[in-house]
Structure formats: structure tokens, C-alpha cells
Amino acid sequence: MGSYELALNNGKLFFNNSFIDAHIAVLDGRIAEIKKVEIHDAEQIIDCKGKLILPGIIDAHVHFRVPGNEKKEDWVSGSKAALHGGVTTVLDMPNNNPAIVTADLLEEKRKLVEKDSLINYGFHFGVSNGNSRELKNARNIASFKLYMGSTTGNLLVNDDSALEKCFEIASLKSKMIVVHAEDEKIILQNAKKFQNESTTKVHNKIRTVEAELEAIKKAISYAKQFKTRLHICHVSSKEALSLIQDAKKAGLHISCEVTPTYLFFDERDVEKKGSLLKVNPSIKTEKDRKALWFGLNTSQFDIIATDHAPHLLEEKQQDYWKAPSGIPGIETSLSLMLDASEKRLIQLEKAIKLMTEMPAALFKIKNKGKIEKGYDADLTIVDLKKEFVVKNEDLFSKSAWTPFEGIKLKGKVDKTLVKGSLLFDNDDIIINKNKEAKANLEVGYYG
Ligand code: DOR
Ligand code: ZN
Ligand code: ZN
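Throughout what follows, the structure given in this document is the object of discussion.

### Some details on the pattern of salt bridges
Here is step 1 of the chain: All told, the structure shown has 32 salt bridges when counted by the stated rule.
Here is step 2 of the chain: Residue Lys398 is joined to Asp74 by a salt bridge in which the shortest nitrogen-to-oxygen separation is 3.0 Å. On the criterion of sequence distance, the pair formed by Lys398 in the loop between strand 14 (379-389) and strand 15 (408-418) and Asp74 in the loop between strand 6 (57-62) and helix 1 (75-84) is long-range, its members being 324 residues apart.
Here is step 3 of the chain: Asp74 gets classed as buried once you look at its relative accessible area, which sits at 18%.
Here is step 4 of the chain: A salt bridge links Arg110 to Glu442; the nearest nitrogen and oxygen atoms lie 2.8 Å apart. Here Arg110 is found in helix 2 (residues 103-116), whereas its partner Glu442 is found in the segment after helix 16 (435-438), with 332 residues between them in sequence.
Here is step 5 of the chain: Salt bridges sharing common partners tie together Asp266, Arg268, Glu286, Arg289 and Lys290.

### Side note on the coordination of the zinc ion (ligand 2)
Here is step 1 of the chain: Coordination of the zinc ion (ligand 2) by the protein involves His180 (ND1) and His234 (NE2), with metal-donor separations of 2.1 Å.
Here is step 2 of the chain: In this structure, the zinc ion (ligand 2) lies 3.5 Å away from the zinc ion (ligand 3). Remark: His234 occurs in the loop between strand 11 (229-232) and helix 8 (238-249) and His180 occurs in strand 10 (residues 176-180); sequence separation between them is 54 residues.
Here is step 3 of the chain: Taking relative accessible area as the criterion, His180 reaches 2% and is therefore assigned buried.
Here is step 4 of the chain: Residue classification places His234 among the buried positions, given a relative accessible area of 2%.

### A word on the nonpolar core
Here is step 1 of the chain: Grouped together as the largest cluster of nonpolar side chains are 96 residues, with contacts concentrated most on Leu146, Phe167, Leu230, Ile232 and Leu296.
Here is step 2 of the chain: Of all hydrophobic cores here, the second largest spans 20 residues; its members include Ala60, Leu155, Val178 and Leu362.

### With respect to the coordination of the zinc ion (ligand 3)
Here is step 1 of the chain: Here the zinc ion (ligand 3) is held by His61 (NE2), His63 (NE2) and Asp307 (OD), and the distances to it run 2.0 to 2.1 Å.
Here is step 2 of the chain: Read N to C, the donor residues that coordinate the zinc ion (ligand 3) are spaced as H-x1-H-x243-D.

### Concerning the site of ligand 1
Here is step 1 of the chain: Near ligand 1 lie 13 residues; those nearest to it are Arg65, Asn95, Thr152, Asn280 and His311.
Here is step 2 of the chain: Between an oxygen atom of ligand 1 and a side-chain N or O atom of His180, the distance comes to 3.0 Å.
Here is step 3 of the chain: Residue Gly326 places a main-chain N or O atom 3.3 Å away from an oxygen atom belonging to ligand 1.
Here is step 4 of the chain: Taken together, the residues of the shell around ligand 1 sort by class into three nonpolar, nine polar and one charged.

### Focus: the state of the cysteines
Covalent bonding between the sulfur atoms of two cysteines is what defines a disulfide.
Here is step 1 of the chain: The full count for this structure, using the stated rule, is zero disulfides.
Here is step 2 of the chain: Here Cys166 stays unpaired: no disulfide links it, and the sulfur of Cys233, its closest cysteine neighbor, is 13 Å away.
Here is step 3 of the chain: With no disulfide of its own, Cys233 lies 10 Å from the sulfur of Cys256, the closest cysteine sulfur.
Here is step 4 of the chain: Assessed through its relative accessible area of 2%, Cys233 is described here as buried.

### A look at the packing of aromatic side chains
Here is step 1 of the chain: Within this structure, the stated rule accounts for eleven aromatic pairs.
Here is step 2 of the chain: With a centroid separation of 6.1 Å and 75 degrees between ring planes, the pair formed by Trp75 and Tyr121 is classed as edge-to-face. Linking Trp75 in helix 1 with Tyr121 in strand 8 (residues 120-126), this pair joins segments that are 46 residues apart in sequence. The two residues Trp75 and Tyr121 agree in class, both being buried.
Here is step 3 of the chain: The interplanar angle of 90 degrees and the centroid separation of 6.0 Å between the aromatic rings of Phe264 and Phe404 together place this pair among those described as edge-to-face. One end of the pair, Phe264, is in helix 9 (residues 260-264); the other, Phe404, is in the loop between strand 14 and strand 15, and 140 residues separate them in sequence.
Here is step 4 of the chain: Since its relative accessible area comes to 22%, Phe264 is described here as partly exposed.
Here is step 5 of the chain: Through a chain of ring-to-ring contacts, three or more aromatic side chains come together here, namely Phe64, Trp75, Tyr121 and Phe123.

Calculation notes
Residues numbered from 1 in each chain as written. Chains lettered and ligands numbered in written order. Predicted model: local features only at pLDDT ≥ 70, side-chain atom pairs only at ≥ 80, totals over all residues. Heavy atoms only, no water. Salt bridge = Lys/Arg side-chain N within 4 Å of Asp/Glu carboxyl O. Helix = DSSP H or I, 4+ residues; strand = E, 2+ residues; numbered from the N terminus. Buried < 20%, exposed > 50% of the residue type's maximum accessible area, 1.4 Å probe, protein only. Donors = N, O, S within 2.8 Å, 3.2 Å for Na, K, Ca; no water. Core = buried A, V, L, I, M, F, W, Y, C linked by side-chain atoms within 4.5 Å. Near = heavy atom within 4 Å. Polar contact = N/O pair within 3.5 Å; in protein donor to acceptor, adjacent residues only side chain to side chain. Nonpolar A, V, L, I, M, F, W, Y, C, P; charged D, E, K, R; others polar. Disulfide = S-S within 2.5 Å. Phe/Tyr/Trp six-rings, centres within 6.5 Å; stacked < 30°, edge-to-face > 60°.

Here it is in C-alpha cells:
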């Protein structure tokens, strides 16, 4: 018996933006010490020689489908998928069934998630056309999520006075508005115009760059008026990114995210993979994809998230109009970014920061995102040298497919720890029998 519950020895840990050789001692689920000398007085000792120890990945944009669509993903399968991807904290979207637009519905969801979660979690709260009172009542939330264009589920704000109101309340409550930025009017007009086309290519003609720009412009003007913090999800075009940068330069509190979907695919892939790559916003051109990489490397993005949007393969294999929009991604994103760093597409330290420290800071999540004394021992241990082939059969998500099936990646998650508990090791989930360790996985926020 030692004085610490766990020691992680001999790893290279991500500390202050670079890698250092050090040893981590864990006590009560927190990082108790970071030491220069190896630690022997611990109940459990893990040797991390040759591995990198990262802060647990924080995915600020997932759709775990609880309540209402558990056949696509439930919180157990979603948690396992997260652990497989090295993700220790998720912020879940409100486009459930029913949509999470009242404080009561949020409390019901909270109970369901608390019962099942293996990982840390937080919730984005939905804005609807008439729920301003609920926005005031919702407690412990990451943000107000605003859908300016319709997508999976029925969350949509297409009433300008409701839009105005939510920016005002968010500002008063010091909450951020997180936007799915596509303009509903433009989408509807285009859908009518191209209703007789049926290839996946038509998705781009309906969900155009203009639709994205129009919504962002509108959101920016309200954010300016009410001094609201604004976050634009899954930027998909060059022009959208530059619009956001202009607003940033003008002093607005605006941030944005990129997801691997838009970094690794462009319209040519959509032609090959069809409805599997049907996603909102649509996947744009090679020019856009390259601009997103350039933006990533020039610090124009604030976070990398996945927009993990599980749908079953049989649903996705339907024809264009029937197939649902959305792509699972939580199990592949870290490896994709590690592999990208090996290929010199992005600096490793930068990618890690965008997946850990930056989402924690952006959403003001307490005690997470860094390897530091006193922080929660949410840790992801990776083997940067390990090559593997992405396979559907290896996934834990109920959706059980990935558009990256068959590709070879270098950089693999070896172990994932949540608050000091080893929950994923060597391709397997370890179900923690200790109930105590499962308690209190909901995140708190500063401010
Ligand atoms: O393609 C999408 N799918 N975009 C969204 O905004 C929602 C998501 C989903 O929930 O399936
Ligand atoms: Zn979205
Ligand atoms: Zn989403």
C-alpha cells in the first residue's frame, strides 16, 4: 500500500506546451504531484515508457442521442467510444428527442446521463423560438446552442425576436451562444429549386457557402449589439473562416471550431462515398479544405471538436433525401490529428492544445485541460509510433461505422484515465466496479 492511489511513471508528459520527462502521482482522482523522480509509493503503478501522456481530450461538440435516439447511441456506448478515442470529457448537444429546451427536460436528461456515464460530461442547452424563460432557469450548462438552420432533430430558431432575446439573455447570464450557422431561408429555397436532383452532390447546392455566411453575419450582428460571447461550430468554408477572423480583429468575443470531417474530406470524397458524407453544413471544395488547414496552422481556430453525430449505417445508406445528416467521429479524431502531426500537417503541440486546454478555457470548465498539480487526473496515454488500420469492427459507438474505415494511421490511444481510474487499456474498456469513482462526473464551470 502506498500513499498515492496511482503513479504513472516514465512517460513524456504534455506540460506547458511541450513534452517533459516526468512522473505523475494521483490521489483522490486528482494530479497530486508531478515529480522528477520515479514514484514507488502507490497502490497501482503504470509504466508509460515510450508513451506520451496528454491531458484527457475534451470534445466540446458531441451528439450522444440521450434521450430519444438510443438506438443510434446511448450514454454507455457513447462513453466507450469516447474512451476509445482518448476523450475524457464531452459537452453534449441538445437536439435530442425531445429537444432539451426546458430546465425540467435538462434535469431529466441529467439523471439519465448520470446513471450511465463513464466519462466527464456537460450539456449545451437548446434555444427555441419561445423559451427565453427557460434560458434564464437552466443551471450548470456549457452554453446556449442555437440552430439557425434545421438539421437532425427539430431545433430551429427562425424568429428574429427570439434570436434577439437569446443573445440578450446569454449576455446577461455571461453564457456563450454556440451556433449551427446555416441560414434556414436559403436552405429551403435551394431545396425547392433542386428537389428533383438526387445525388449527394445536391447537398452542396442546397447548403451553400452563402447559407453559412448569411447565418454567421446575422449572429455576429446580434453578438455585437448585445456584447454576447459567440462560438461558431464546424466552420466549413474559407469565406466563413475569414468572416470570423474579421470579427475577431474588430474586437468581438467570437471563437470557432474545426472538425476532422472538414479537414480530411472535400466534395470529391462526397462523390465517392455518397450519403455517408452527408453532413450539415455540407462538405465544401478542396479550396475550402486547404483554407481550413491553413487557418488551423495560423491559430484561426479556437478548438478542434468532433461533432460526433452517430447514425446507423442502414440509415446512412439510403438515398440522398432519406439519409440523415451527420458523421460519427469521436473514436478517430485524436489519431487523425496525431497522424497529421507525423505527416507535418500540423505541429503536435498545437493539435493537443486545441483538443484539451483550449476547449477547457473556452467553456470555462473547472480543473481540466491541463496536466497540472490539483487538476483532475483525466489523462490520455498515446503511442505515437503505433500504426494501425481504422476498422468499423473496432468501434464502440452503436453507429459502428466511420468514413475513415480502411485507412492507416500512425498514433494510437493506449490508455484512457478518467479522474484517476483506468477505463480504457490496450483496446479494451475496463468497467469500473467502484461506484464512488463514477460519482460526480458532471463538469463545473468558472464564472
Ligand atoms: O450533420 C449534422 N448532424 N449536423 C448537425 O448539426 C446535427 C448532427 C446530428 O445531430 O446528427
Ligand atoms: Zn451543427
Ligand atoms: Zn453537431
